[in-house]
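Commentary on secondary and tertiary structure
Okay, here's what each chain looks like letter by letter:
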Amino acid sequence: MQTKTPATWLDAIPAIPYIGLALKPSFQTTMLLTGSVGALADLLIPSKKIRVTNIAPGAFVIEVLKEGISIRVTPNNIVAEFQYNNIPRDPVNLSVEMRPYSSTIDVLLGYLGNVSSAFRETKTKIEIYRFGLVAQAMCPLEMIPPGVMALKEKLQGSWNKPIIKIDSLVTAELASGKDKRDLCHYKIQHDDHADPPFLGFHFDWQRIWETPVLFDSSAIHRLFGSCVEDALNHFEAIAEGSYDDEH
């Protein structure tokens, strides 16, 4: 699948993306999911070296070795995720070679295309009702945009005592319409006693459809592309500090 996600401020830091899909519950889907393992593996071999792990009946994880990509499929969710294979234990040690956040999203969407093809091979009908795009990172304070620092202050609130550590989560509804609604989970972590001090964030933008949509190549091209664009626009608003503006 050919996509081109626009560049973002997240490309300049070691931000990790993953895409999560919530599936409409279906007994038939649960029974047929196990048949998709072989079909998905065939789409990745021989060009990719993979490892398949069954984690439960009808649930499995396929890891694309040396790429840091994993695809987890369960009766309730499909998650395509990237992780740095050799990221150091020190969260602010940036010796690891970074991969641009935006281009990694394109890679994840491509693997989701493989997943939909595997389901088509096994005649498994999958419907989804939620799309989520996550941006997470842990960085030195000098790498954090002003808007994210302002969000930290907002979540920290006002205290008469010194605040040395923060681990805060808030969820906001961004938009609501007849057929869908958007929301975002904002999580901020900060430790003043770390050396050097760092800030971690986890932004989880989600779109929820009132009527589930079919998970196929059309959805990936049409719906997911729109979701990624809207999610990145919101992440840009977070960096600029305009994420909570009234419209």
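Structure's up top.
Note that the structure is a prediction, hence the values are computed from the model and not measured. Sequence order as written defines the numbering, with residues in each chain counted from 1. Owing to the predicted nature of the model, reporting of local features is limited to residues with pLDDT of at least 70; listing and counting of side-chain atom pairs is limited to 80 or more, with chain, interface and lining totals taken over all residues. The side-chain quantities take in all heavy atoms of the structure and omit both hydrogens and water.

1. As for the packing of helix H3 (residues 101–121) against helix H5 (residues 217–240)
What counts here: Comment: axis = line fitted to C-alpha atoms, over the contacting stretch for helices; angle = value between 0 and 180 degrees taken between N-to-C directions. Under the DSSP-based scheme used, a helix requires at least four consecutive residues in state H or I and a strand at least two consecutive residues in state E, with every element numbered from the N terminus. Each angle receives one of four descriptions, namely roughly parallel if under 35 degrees, roughly antiparallel if over 145, roughly perpendicular if within 65 to 115, and oblique otherwise. In this scheme the handedness of a crossing depends on how the near helix is turned from the far one: anticlockwise by less than a right angle means left-handed, clockwise means right-handed. Two residues form a contact once any of their heavy atoms are found within 4.5 Å. Each residue is assigned to one class: nonpolar for Ala, Val, Leu, Ile, Met, Phe, Trp, Tyr, Cys and Pro, charged for Asp, Glu, Lys and Arg, and polar for all the others, Gly among them.
Close contact between H3 and H5 brings their axes to 11 Å; oriented N to C, the two are set at 155°. With respect to each other, H3 and H5 are oriented roughly antiparallel. Regarding H3 and H5, the two cross each other, and that crossing is right-handed. Contact with H3, carried on its side by Tyr 101, Ile 105, Leu 109, Leu 112, Gly 113 and Ser 116, involves Ser 217, Ile 220, Phe 224, Val 228, Leu 232 and Phe 235 of H5 and no other residues of that element. The class makeup of the residues in the contact of H3 with H5 is nine nonpolar, three polar and no charged.

2. Brief notes about the nonpolar core
Applied cut-off: Buried residues of nine kinds, namely Ala, Val, Leu, Ile, Met, Phe, Trp, Tyr and Cys, make up a nonpolar core once their side-chain atoms join them within 4.5 Å. We call a residue buried when its accessible area falls under 20% of the maximum for its residue type, exposed when it is over 50%, and partly exposed in between, using a 1.4 Å probe and counting protein chains only.
Counting residues in hydrophobic clusters, the biggest one holds 66 residues, and the most contacted among them are Phe 131, Leu 133, Phe 201, Phe 215 and Phe 235. No other element matches the 12 residues that H5 contributes to this core. With sequence-adjacent residues up to four places away left out, Phe 215 is seen in contact with Leu 21, Ile 78, Leu 112, Val 115, Ser 116, Phe 119, Ile 126, Glu 127, Ile 128, Ile 220 and Phe 224.

3. Looking at the sheet that holds strand S6 (residues 127–140)
Which entries qualify depends on this criterion: Pairs of strands are assigned from DSSP output, requiring at least two bridges between the strands.
In space, the nine strands of this open sheet follow the order S2-S3-S4-S5-S1-S6-S9-S8-S7, with antiparallel pairing throughout. Strands with a single pairing partner mark the edges of an open sheet, and in this sheet they are strand S2 (50–56) and strand S7 (165–176). Each neighbouring strand pair of the sheet contributes to a mean axis angle of 15°, computed without reference to strand direction. Both strand S1 (residues 16–23) and strand S5 (residues 77–82) contribute to a ladder of five bridges, which runs antiparallel. Across the sheet, the residue bridging to Ala 22 is Asn 77, located in S5.

4. Some thoughts on the pattern of salt bridges
Going by this rule: Each salt bridge in this description consists of a side-chain nitrogen of Lys or Arg and a carboxyl oxygen of Asp or Glu lying within 4 Å of one another.
What the rule picks out here adds up to eight salt bridges. Between Lys 152 and Glu 153 there is a salt bridge, with its nearest N and O atoms 2.8 Å apart. On the basis of relative accessibility, which here comes to 43%, the residue Glu 153 falls in the partly exposed class. The closest approach of N and O atoms between Asp 167 and Lys 187, which form a salt bridge, is 3.8 Å. With a gap of 20 residues between them, Asp 167 in strand S7 and Lys 187 in strand S8 (residues 180–191) connect regions that are remote in the sequence. By relative accessible area, Lys 187 is classed as partly exposed at 28%. One salt-bridge network, in which partners are shared between bridges, spans Asp 182, Arg 207 and Asp 230.

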